[in-house]
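Secondary and tertiary structure notes
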Amino acid sequence: MTDVVSSSHHMRPLLIGNRPLRLAALFALYFVFVLIHVSGSAQSPPVPSSKQQFSTRAAAEVVHIPSRPSQLFRGKAGTPKTEIRFDPATRIVRVELLVEDPNGYFIPNLRPDDFVVYENGVRQQNVSVSVEHAPASLAVLLEFGGRSHGVSRDVLGQQVTSVAKQLIDEASRDDRISIWKYSDQVQKLADFSSDHNALDYTLAKLGTPPLSETNLYDAVIFMTEQMRPVAGRKAIVVVSSGLDTFSKARYEDVLRAVRASNTPLYAIGLERELRDFAVPNGPAGQIPAVEWERAEKRLEEIARQSGGRAYRPDSSLDLAAISDDILENLKVRYVITYTSSTTLDSHSPRTVRVELANARTGGPLQI
């Protein structure tokens, strides 16, 4: 199978029933693909189980979005990289499609008959659709240093450990996790592993973060390069305040790096915890409020530009839901497979359009 890499993004409106959809068309060398996001008001958690199957509803019924908690991530979510593969020898096309509700949750109750696929305007036959829960490789990058010893000792070490441990607990045994920390430089603590006990032991040995620079921008660029050769579904999870004290790279350099990367970045912000502690407790409290706010916004934008999401937990009680949201957004897809009816040579451009339709009436699917 030949991978096709998208090169640009365009938006255009469409309606399904009376509900607007946001369609992000991802243009590639051979294919133009449509990514579907259901827009409008809806309630949105629990995360679908890894054993989730297709809905057994009748084809004529309206699709009801599951009632789930409100949006967990901060700001706007990034557009996940579309995965399209084409095998010239067999003419088989494989599309991995994300269908989300307004709060960014995967819609689990669509049926294979709901999907209609067109290539170069011609409806494709014998289309198969399945739900994939792909194993993932996650590089967890922890902020582990700072200008204030008190903040590092009393807040930072505890917080990054709690966040990373929760993510490990929520990951499946098929997922691989590596652990890294950064201050003035990046250090690998554990290579990719599915051994949760060994990963927990690594976290338990972290100790107290040192008094140091926190070079977030340099660290993110370094990690995008580390993840480039990693195959399969993958992501960087950054646990950070968003503050950068002495990076050689600029903020604009980081944005360019994550846009060019093939790895989404999910950011879990520590700004609130560190700021609340720092204000009454010494030198870190002298950081102006505008600096904290700018750090938070920049972390959100880095995540969005990469195709990921940014979170800011209000308490440790939020960590399980955030971890589930990251794993669902990264791992769960509708997979559409069909044999192309196009008789053009394999290097000719094609346009693929995916619609959701009522299998009984042929009209738009009501969501």
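We now turn to the structure provided with this report. Note that the structure is predicted; figures quoted are calculated from it, not measured. (Residues numbered from 1 in each chain as written. Predicted model: local features only at pLDDT ≥ 70, side-chain atom pairs only at ≥ 80, totals over all residues. Heavy atoms only, no water.)

For the protein chain, the count of helices and strands is seven helices and 18 strands. In the protein chain, which comprises 367 residues, the proportion classed as buried is 51%. When the accessible area of the protein chain is evaluated, it comes to approximately 16,500 Å², of which 50% is carbon and sulfur surface. (Helix = DSSP H or I, 4+ residues; strand = E, 2+ residues; numbered from the N terminus. Buried < 20%, exposed > 50% of the residue type's maximum accessible area, 1.4 Å probe, protein only. Areas by Shrake-Rupley, 256 points an atom, 1.4 Å probe, with all protein chains shown as cover.)

The next subject is the pairing of strand β14 (residues 233-240). Strand residues, when the strand is regular, have side chains that alternate between the two faces of the sheet. Along β14, eight of the eight residues are buried, which leaves the element largely enclosed by surrounding structure. Every second residue of β14 is oriented toward a common face, with Arg 233, Ala 235, Val 237 and Val 239 on one face and Lys 234, Ile 236, Val 238 and Ser 240 on the other, all of them buried. Note: strand β11 (residues 136-143) against β14, seven bridges, orientation parallel. Residue pairing across strands places Leu 138 opposite Ala 235, the latter belonging to β14. Pairing of β14 with strand β15 (residues 265-269), which is carried by five bridges, proceeds in the parallel orientation. When the sheet's bridge partners are listed, Val 238 is paired in β15 with Ala 267. (Pairing = 2+ DSSP bridges.)

Next up on the list: the packing of aromatic side chains. A complete count under the given rule lists four aromatic pairs for this structure. Measuring from centroid to centroid gives 4.8 Å for Phe 106 and Tyr 334, while their planes differ by 25°, and the two rings are stacked. Here Phe 106, found in the loop between β7 (99-100) and β8 (115-119), pairs with Tyr 334, found in strand β17 (residues 332-339); they are 228 residues apart in sequence, far enough to count as distant. Accessibility classification places Phe 106 together with Tyr 334 in one group, the buried group. (Phe/Tyr/Trp six-rings, centres within 6.5 Å; stacked < 30°, edge-to-face > 60°.)

What follows deals with the nonpolar core. Ranked by size, the top nonpolar core spans 31 residues in total, and within it Leu 138, Leu 142, Ile 177, Ile 179 and Val 237 carry the most contacts. Of all the elements in the fold, those that place two or more residues in this core are β11, α1 (149-170), β12 (176-182), α2 (196-204), β14, β15 and α7 (319-331). Sort the elements by how many residues they give to this core and α1 lands first, with six residues. (Core = buried A, V, L, I, M, F, W, Y, C linked by side-chain atoms within 4.5 Å.)

Here Ile 322 lies in helix α7. Along the sequence, Ile 322 and Val 163 sit 159 residues apart, while their C-alpha atoms lie 9.5 Å from each other. Contacts of Ile 322, omitting those with residues within four sequence positions, involve Leu 72, Ile 268, Tyr 311 and Pro 313. (Contact = heavy atoms within 4.5 Å.)

The next point concerns α7. With 13 residues, α7 should cover 18 Å at 1.5 Å per step; its first-to-last C-alpha distance of 18 Å lies within 8% of that length. Where burial is concerned, most of α7 is hidden: 10 out of the 13 residues are buried. Buried within α7 we find Leu 319, Ile 322, Ser 323, Asp 325, Ile 326, Leu 327, Glu 328, Asn 329, Leu 330 and Lys 331. (Expected span 1.5 Å × (residues − 1).)

It is worth spelling out the pattern of salt bridges at this point. Under the criterion given, the structure shown has 25 salt bridges. Arg 350 is paired through a salt bridge with Glu 119; the nearest N and O atoms lie 3.1 Å apart. Remark: Glu 119 occurs in strand β8 and Arg 350 occurs in strand β18 (residues 350-356); sequence separation between them is 231 residues. With relative accessibility at 1%, the residue Glu 119 sits in the buried group. Between Arg 309 and Asp 325 there is a salt bridge, with its nearest N and O atoms 3.0 Å apart. Taken as a pair, Arg 309 in the loop between α6 (289-306) and β16 (310-311) and Asp 325 in helix α7 lie far apart in primary sequence, 16 residues in all. (Salt bridge = Lys/Arg side-chain N within 4 Å of Asp/Glu carboxyl O.)

Moving on, we get to the sheet that holds β16. The six strands are arranged β13-β12-β11-β14-β15-β16 in an open sheet whose pairing can be described as mixed. The two strands at the open ends of the sheet, each matched to only one other strand, are β13 (186-193) and β16. Where β12 lies against β13, five bridges are found, and the strand directions are antiparallel. Paired with Tyr 182 across the two strands is Val 186, which belongs to β13.

On to helix α3 (residues 216-227), then. Compared with an ideal rise of 1.5 Å per residue, which puts 12 residues at 16 Å, α3 spans 16 Å between its outermost C-alpha atoms and is within 8% of the ideal. Buried residues of α3: Leu 216, Tyr 217, Ala 219, Val 220, Met 223, Thr 224 and Met 227, and no others. Considered in projection along α3, the buried side chains sweep an arc of 160° and stay on one side of the axis. (Arc of directions from axis to C-beta.)

Further remarks concern unusual backbone geometry. Unusually for a residue other than glycine, Arg 91 sits at a positive phi of about 65°. In this fold, Arg 91 is placed in the loop between β5 (83-87) and β6 (92-97).

With respect to the secondary-structure elements, Glu 96 resides in strand β6. Here Arg 85 takes part through its side chain, which lies 3.3 Å from a polar atom of the side chain of Glu 96. Among the polar contacts made by the side chain of Glu 96, one reaches the side chain of Arg 94 at a distance of 3.0 Å. (Polar contact = N/O pair within 3.5 Å; in protein donor to acceptor, adjacent residues only side chain to side chain.)

Burial analysis of β15 places five of its five residues in the buried class, which makes it a mostly covered element. Covered by surrounding structure in β15 are Leu 265, Ala 267 and Gly 269 together with Tyr 266 and Ile 268, the residues of both alternating faces. In this fold, the crossover linking β14 to β15 by way of helix α4 (residues 251-260) has right-handed handedness. (Right-handed = clockwise from strand over helix to strand, strands pointing away.)

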